[in-house]
Amino acid sequence: QVQLVESGGGLVQAGGSLRLSCVVSGSIFRINDLAWYRQGPGKQRELVARISRGGSASYADSVEGRFTISRDNAKSTVYLQMNNLKPEDTAVYYCNADLSRAISLARGVYWGQGTQVTVSS
């Protein structure tokens, strides 16, 4: 019922930019924190950036200063602007949402299916 759909991934040269989007849909009462994770080949999934409902953002050290997370609560969408991309940024990027369901108000964590980002050198 709740669905997270990422878009914006692709192939880019080192130093380039991409903007990822994630639309959260379904029977939702309130979206709390939103986050982006990534998982590179042979690596564990790691937190890239997180943003609270009020807009407070935090970043992994590896992307600080290069990536910007933002959200549009009216559109139930979270973005990840990625600048000065590096080959080590190559990964599948996953959208993550902490939200409360409508009617039941049950709180849970939901994941998108991921979007591939490949940075060539």
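Counting restarts for each chain: residues are numbered from 1 in the order of the written sequence. Residues qualify for local features only when their pLDDT is at least 70, as the model is predicted, and side-chain atom pairs are given and counted only at 80 or more; totals for whole chains, interfaces and linings, by contrast, use all residues. With hydrogens and water excluded, all non-hydrogen atoms of the structure serve as input to the side-chain values.

1. Let's talk about the side chain of T77
Looking at the secondary structure, you find T77 in strand β8 (residues 77-82). Burial classes follow relative accessibility: with a 1.4 Å probe on protein chains only, a residue under 20% of its type's maximum area counts as buried, one over 50% as exposed, and anything between as partly exposed. Residue classification places T77 among the buried residues on the basis of a relative accessible area of 6%. Between N or O atoms, a polar contact is any pair within 3.5 Å; within protein, one atom must be a potential hydrogen donor and the other a potential acceptor, and residues adjacent in sequence are included only when both atoms are from side chains. In terms of polar contacts, T77 uses its side chain to reach the backbone carbonyl oxygen of K75, at 2.9 Å. The numbering of helices and of strands both runs from the N terminus, where a helix is a DSSP run of H or I of at least 4 residues and a strand a run of E of at least 2.

2. Considerations on unusual backbone geometry
Even without a glycine there, the phi angle at S76 is positive, about 50 degrees. One can find S76 in the loop between β7 (67-72) and β8. For S76, a relative accessible area of 23% translates into the label partly exposed. In this structure, L105 is a non-glycine residue whose phi angle is positive, near 60 degrees.

3. Looking at the nonpolar core
Among the nonpolar cores identified, the biggest contains 28 residues, and V24, W36, L80, M82 and Y93 are the most heavily contacted of them. Listing elements by their share of this core, those giving two or more residues are β3 (18-25), β4 (28-39), β5 (46-51), β7, β8, β9 (91-101) and β11 (115-120). We call two residues in contact when some of their heavy atoms are within 4.5 Å. Excluding residues that lie within four positions of it along the chain, M82 makes contacts with G16, S17, L18, L20, R66, F67, Y93 and V117. Residues belong to a common nonpolar core when they are buried Ala, Val, Leu, Ile, Met, Phe, Trp, Tyr or Cys residues joined through side-chain atoms within 4.5 Å.

4. Examining the pairing of β4
Note: two strands are recorded as paired if DSSP finds a minimum of 2 bridges between them. The pairing of β4 with β9 spans nine bridges and is classified as antiparallel. Its bridge partner lying in β9, Y37 is registered against Y94. Across five bridges, the pairing between β4 and β5 is antiparallel. Each residue of the ladder has a partner; that of A35, found in β5, is R50. Here β4 hands over to β5 after six residues, with G42 in that stretch at a positive phi of 70 degrees.

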